[in-house]
Amino acid sequence: MRTVRNCDVTNKKVLVRVDFNVPIEGGTVTDNTRIRASVPTLEYLLERGARLACISHLGRPKGKVVDAYRMDPVALELSRLLNRKVVKLDDCVGDAVKEAVTFAGPGTVLLLENVRFHPGEEKNDPAFAAELARGFDLFVNDAFGAAHRAHASTEGVTHYLPSYAGFLLEKEVSVLSELLNAPRRPFAAIIGGAKVSDKIEVITNLLQRVDLMLLGGGMANTFLMAKGIDVGRSLAEPDKVGLAREILARHSQVVLPVDCVVAPSLDADKEARVVAAHQVPPEFMILDIGPETVKMFADRLRRAGTVFWNGPMGVFEKDAFAMGTYGVAQAVAGLEARTVVGGGDSIAALQQSGLSDRIWHISTGGGASLEFLEGKVLPGIARLEDEQS
Ligand code: ADP
Ligand code: MG
């Protein structure tokens, strides 16, 4: 992959696609993780005398100007993090942008307006992509979280400018490629979350590569059903039972929970109790993995060289059903292995557990990380690998 290290950026006008899709409340950024993640690339470019214009989407304005999704709060936060003046513009295309880029001196940071204010962005309209590119010398993509979408600011623009990966995107691709192509063994995956149907492609692709797959969360219920276990009123997908049965027959490295935390409903925390996985009372639902399962999973992980984890082990949003997820987080955090955690809810759960610092790599990509691990070619990245046309 071509990265910023491979190009001379001095005095160049560089359009940088970042993922500044951050939560904002009352005009302030409430979680600046994504902005911080882009700082190394931006500083690298600034130190080498590039003239930067950053561009991102924010929320879902659906091709129209929506004041609540303007980038102004992001500009304040970016300026604070870079300790520099950031000039925020009110559009991302047009002559005013091209002029600002031309007259801005080296070391200046421009932040363009939300690219999704234009319908051409999500349509990947070539004319809009060309207009984004106009006036710039280079394109740098550091928005891994948007790389699975072929939009004008991720894919389209690469047809009009020499294009390079930023450090964040490079790191994500190198870690996730290592998982797929050259993992340290044994390689273990822990997959949880709500539904089998959300994860089936990741599961099937990873099953070709992992030595061990631990299943938890709501999706394990469908696999328990496939073993003939009655899961009561648990979340499950009866139409996926056949598929689950096939997977279990073919892949002996799949491990299911042996006990679970059950309750009559999500709100009946007081009636929560631990039962063996094959003894779920008919009026109850499985809402977490049980302590025996946590112990068994921790034990199985002990020798791992690589661990990938996606999907909470239970309804971690409620304290009564969070212990399984925290227990697995504890086990993963204690390993010497290359540990990688991905997925929006998984990262939130990890943060709640206070163990994020002890994970080797937290993949911020969400949908992009999962699509990468499904074995798909991400359009934003493919264009940084090819010889460019
Ligand atoms: P990620 O965002 O990390 O990819 P998912 O979105 O796939 O994870 O899954 C997270 C959701 O799964 C959480 O909201 C959690 O409450 C839910 N979940 C986990 N276990 C269960 C369960 N046993 N029953 C119902 N929902 C569950
Ligand atoms: Mg999720």
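A short tour of the structure in this document, coming up. Please read these numbers as outputs of a predicted model, since none were measured by experiment.

Reading the values: the criteria
Residues numbered from 1 in each chain as written. Chains lettered and ligands numbered in written order. Predicted model: local features only at pLDDT ≥ 70, side-chain atom pairs only at ≥ 80, totals over all residues. Heavy atoms only, no water. Near = heavy atom within 4 Å. Polar contact = N/O pair within 3.5 Å; in protein donor to acceptor, adjacent residues only side chain to side chain. Areas by Shrake-Rupley, 256 points an atom, 1.4 Å probe, with all protein chains shown as cover. Helix = DSSP H or I, 4+ residues; strand = E, 2+ residues; numbered from the N terminus. Axes fitted to C-alpha atoms, helices over the stretch in contact; angles between N-to-C directions. Parallel < 35°, antiparallel > 145°, perpendicular 65-115°, else oblique. Left-handed = near helix turned anticlockwise from the far one by under 90°. Contact = heavy atoms within 4.5 Å. Nonpolar A, V, L, I, M, F, W, Y, C, P; charged D, E, K, R; others polar. Pairing = 2+ DSSP bridges. Buried < 20%, exposed > 50% of the residue type's maximum accessible area, 1.4 Å probe, protein only. Right-handed = clockwise from strand over helix to strand, strands pointing away. Core = buried A, V, L, I, M, F, W, Y, C linked by side-chain atoms within 4.5 Å.

Turning to the site of ligand 1, a few remarks are in order. Taken together, 18 residues lie around ligand 1, and Lys 199, Asn 310, Glu 317, Asp 345 and Ser 346 are the ones closest in. Lys 199 places a polar side-chain atom, nitrogen or oxygen, 2.6 Å from an oxygen atom of ligand 1. Here an oxygen atom of ligand 1 sits 3.1 Å away from a polar atom, N or O, in the side chain of Asn 310. Calculation on ligand 1 without its partners gives an accessible area of 580 Å², and the protein chains cover 83% of this total. Elements with a minimum of two residues in the shell around ligand 1: strand S14 (285-289) and helix H12 (344-353).

To continue, consider the packing of helix H10 (residues 291-301) against helix H11 (residues 323-333). H11 packs onto H10 with a crossing angle of 20° between their chain directions and a minimal axis gap of 9 Å. Taken together, the axes of H10 and H11 are roughly parallel relative to one another. As for how H10 packs across H11, the hand of that crossing is right-handed. For the pair H10 and H11, contact is made by Val 294, Phe 297, Ala 298 and Leu 301 and by Gly 324, Gly 327, Val 328, Ala 331 and Val 332, respectively. The class makeup of the residues in the contact of H10 with H11 is seven nonpolar, two polar and no charged.

With that settled, the discussion passes to the sheet that holds strand S1 (residues 13-17). Sheet architecture is open: six strands sit in the order S5-S6-S4-S1-S7-S8, paired in parallel fashion. Taken across any chain shown, the strands that pair with only one partner, and hence form the sheet edges, are strand S5 (86-88) and strand S8 (163-165). Across the sheet, the mean angle from the axis of one strand to that of its neighbour is 25°, orientation sign disregarded. Pairing between S1 and strand S7 (residues 138-141): four bridges, direction parallel. Following the sheet pairing, Val 14 is matched in S7 by Leu 138.

This part is about the pairing of strand S16 (residues 338-342). Across the five residues that make up S16, a large majority, five, are buried. Alternating positions in S16 separate into two faces, Arg 338, Val 340 and Gly 342 on one and Thr 339 and Val 341 on the other, with burial throughout. With H11 bridging strand S15 (residues 306-310) and the parallel S16, this β-α-β connection has right-handed handedness. Both S16 and strand S17 (residues 361-363) contribute to a ladder of three bridges, which runs parallel. Of the residues in S17, the one forming a bridge with Val 341 is Ile 362. Each parallel crossover has a hand, and for S16 linked through H12 to S17 it is right-handed.

With that settled, the discussion passes to the nonpolar core. Judged by nonpolar contacts, the single largest core of 49 residues is most densely connected at Phe 144, Ile 191, Leu 206, Met 213, Leu 215, Phe 223 and Phe 308. Dropping the residues within four chain positions of it, Phe 223 is found in contact with Val 196, Leu 215, Ala 244, Ile 247, Leu 248 and Leu 256. Counting 31 residues, the second-largest nonpolar core is a separate cluster that includes Ile 35, Ala 50, Leu 78 and Val 86.

With that settled, the discussion passes to the sheet that holds S15. By way of backbone hydrogen bonds, the strands of a sheet pair with one another, either parallel or antiparallel. Reading across the sheet, the six strands line up as S11-S10-S9-S15-S16-S17 and stay open at both edges, with parallel pairing between neighbours. The open sheet has two edge strands with one neighbour each: strand S11 (254-255) and S17. Pairing analysis gives four bridges linking S15 to S16, with the strands arranged parallel. The residue of S16 that forms the bridge with Val 307 is Thr 339. Relative to strand S9 (residues 187-191), helix H7 (residues 196-207) is tilted by about 165°, and along the sheet it contacts S9, strand S10 (212-215), S11 and S15. Against the sheet, H10 makes contact with S9, S10, S11 and S15, and its axis sits at roughly 160° relative to S10, the strand it touches most.

Such coordinate-based values are descriptive only and should not be taken to indicate function.
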